[in-house]
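Structural characterization, general
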Amino acid sequence: MSPLLYLAQRGTAAILAVTVAVHLGTILYAVRGGLTAGEILGRTHGNLAFLAFYAVFVLAAAIHAPIGLRSILREWTGWRGRSLDLSMIAFSALLAGLGLRAALAVYWA
């Protein structure tokens, strides 16, 4: 793994550690508080802080996961080269696009 990928993997891991903890804490708060889906959407609709938080979460995951998957595929299958790198870039773009779309949908709901 190149030094840049190593730093990206570790940096996004640190971001994900925080965002996953906040995300799970929010879920526990909502479930234990008895909030309905409508009440949750009411709180997130138009909330720029919500959108910014989940955009950071999604982008960190979209960078972190393909780097790890790339390492696994190289080790387990021997797949190497430009085709692997381009596939992981496409996978990263797919994760980012779908995740940001979901965050925007909740923001606009």
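Residues numbered from 1 in each chain as written. Predicted model: local features only at pLDDT ≥ 70, side-chain atom pairs only at ≥ 80, totals over all residues. Heavy atoms only, no water.

Some points on the overall build of the chain
For clarity, the cut-off: Where helices and strands are cited, they refer to DSSP runs of H or I of at least four residues and of E of at least two residues respectively, numbered from the N terminus. What the globule rule says is 2.2 Å times the number of residues to the power 0.38, and the radius of gyration is computed from C-alpha atoms. Exposure categories follow from relative accessible area, calculated using a 1.4 Å probe and restricted to protein chains: below 20% of the type maximum is buried, above 50% is exposed, and the middle band is partly exposed. Any pair of residues with heavy atoms lying within 4.5 Å of one another is described as a contacting pair.
If you tally the helices and strands in the chain, you get four helices and zero strands. Its C-alpha atoms give the chain a radius of gyration of 17 Å, more than 25% over the compact-globule value 13 Å for 109 residues. Principal axes of the C-alpha set define a box for the chain whose edges measure 50 × 25 × 20 Å. Looking at the 109 residues of the chain, the share that counts as buried comes to 24%. For the chain, contacts bridging at least 24 residues in sequence account for 78% of all contacts bridging at least 6.

Focus: the environment of H64
Within the fold, H64 resides in helix α3 (residues 48-77). Look at H64 and you get partly exposed, because its relative accessible area is 21%. With residues up to four places along the chain from it excluded, the contact list for H64 reads Q9, T12, A13 and L16.

Overview of the nonpolar core
Rules: For this analysis, a nonpolar core means a set of buried residues of the types Ala, Val, Leu, Ile, Met, Phe, Trp, Tyr and Cys, connected via side-chain atoms within 4.5 Å.
L16, F50, L51, Y54, F57, A60, A103 and Y107 form the largest nonpolar core, which has eight residues in total. For this core, the secondary-structure elements that each account for two or more residues are α3 and α4 (82-108). If you tally residues by element for this core, the top one is α3, at five residues. Contacts of A103, omitting those with residues within four sequence positions, involve F50, L51 and Y54.

Comments concerning the UniProt feature "transmembrane region" (unreviewed entry) in the chain
Condition: UniProt positions are given in the numbering used here, feature names are shortened, and annotations may be inferred rather than shown by experiment.
UniProt feature "transmembrane region" (unreviewed entry): in the numbering of this structure it lies at residues 12-31, 51-73 and 85-108. Helix makes up 100% of residues 85-108 and strand 0%, whereas the separation of the span's terminal C-alpha atoms amounts to 34 Å.

Quick word on helix α1 (residues 3-32)
Note the threshold: One fewer than the residue count of a helix, multiplied by 1.5 Å, yields its expected span.
The end-to-end C-alpha separation of α1 is 43 Å, in line with the 44 Å expected for 30 residues at 1.5 Å each. When we look at burial in α1, the residues that qualify are Q9, T12, L16, T19 and A30. Residues of α1 that are buried sit in contact with α2 (37-44) and α3. At the C-terminal side of α1, G34 shows a positive phi close to 75 degrees.

Side note on the confidence of the model for the chain
Formally: Every residue carries a pLDDT, the predictor's confidence in it, which falls somewhere between 0 and 100.
In the predicted model, the chain carries a mean pLDDT of 96, and 100% of its residues have values of at least 70. By mean pLDDT, α2 is the weakest element of the chain at 91, and α3 is the strongest at 98.

Looking at the side chain of T19
Looking at the element boundaries, T19 is found in helix α1. A residue is classified by how much of its surface remains accessible, and T19, at 5% relative accessible area, is buried. With residues up to four places along the chain from it excluded, the contact list for T19 reads F53 and F57.

Points about the packing of aromatic side chains
When we look at a pair of aromatic rings, we describe it by the centre distance and by the angle of the planes. For clarity, the cut-off: Here is the rule: rings of Phe, Tyr and Trp (six-membered ring for Trp) pair when centre to centre is within 6.5 Å. Planes less than 30 degrees apart are stacked, more than 60 are edge-to-face, and the remainder are tilted.
Inspection of the entire model under this criterion finds four aromatic pairs. One aromatic cluster is present, built from ring pairs that chain together F50, F53, Y54 and F57.

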